[in-house]
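Structure assessment
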Amino acid sequence: MAIFVIVMAWRYRARQRPRYLFFLLLPVLPIVFHGLVFLYRSVFNILGIWLVLSIGFSAALAVYIATLAVTLFISLIALSAQHS
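Predicted model, so just to flag it, every value in this text is computed and none were measured.

When you go through the protein residue by residue, the secondary structure sums to four helices and zero strands. The N-to-C order of helical and strand elements in the protein reads α-α-α-α. Classification of the 84 residues of the protein by burial places 7% in the buried group. For the protein, the exposed surface amounts to about 7300 Å²; the carbon and sulfur share of it is 76%.

What follows is the structure in structure tokens.
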């Protein structure tokens with residue numbers, strides 16, 4: 001998730017110097033990031049519980065690790081695509 005955030009921040013960075021935007025968003029950003037982290041943790045928690053209940057622990061562990069490895073691989077490809 002952190003690699004995706006780095007890619008998005010680099011892609012949508014301000015090209016010119018922002019004037020007062022930073023001071024206005026400073027109290028709002030922790031609330032937004034807390035919500036995103038909560039959503040991310042909830043999705044992976046529900047996915048893990050659903051996998052264990054449907055296919056068993058050993059197979060669910062293999063699927064979960066494979067899913068995280070593929071996600072890491074895709075995020076690293078997205079990170080390496082940032083040339084500028």
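That shown, we press on.
This next bit is on helix α3 (residues 29-55). Between its first and last C-alpha atoms α3 spans 39 Å; for 27 residues at 1.5 Å apiece the expected length is 39 Å, and the two agree. For α3, every residue scored as buried is listed here: Phe-44, Gly-48 and Leu-51. Against α4 (57-80) lie the buried residues of α3. Taken from the residues just after α3, Gly-56 is the one with a positive phi, measuring 95 degrees.

What counts as what
For every chain, the first residue of the written sequence is number 1, and numbering continues from 1 along that sequence. Totals for whole chains, interfaces and linings use all residues, but because this is a predicted model, local features are given only for residues with pLDDT of at least 70 and pairs of side-chain atoms are given and counted only at 80 or more. Neither water nor hydrogens contribute to the side-chain values; these are computed over all heavy atoms in the structure. To qualify as a helix, a DSSP run of H or I must reach at least 4 residues; to qualify as a strand, a run of E must reach at least 2; elements of each kind are numbered from the N terminus. We call a residue buried when its accessible area falls under 20% of the maximum for its residue type, exposed when it is over 50%, and partly exposed in between, using a 1.4 Å probe and counting protein chains only. Each accessible area is a Shrake-Rupley result for a 1.4 Å probe, and residues are judged covered by the shown protein chains and nothing else. Expected span of a helix: the number of residues minus one, times 1.5 Å. Contacts are residue-level and defined by heavy atoms, with any inter-residue pair within 4.5 Å sufficient.

Take it as geometry only, folks, not as evidence of what the structure does.
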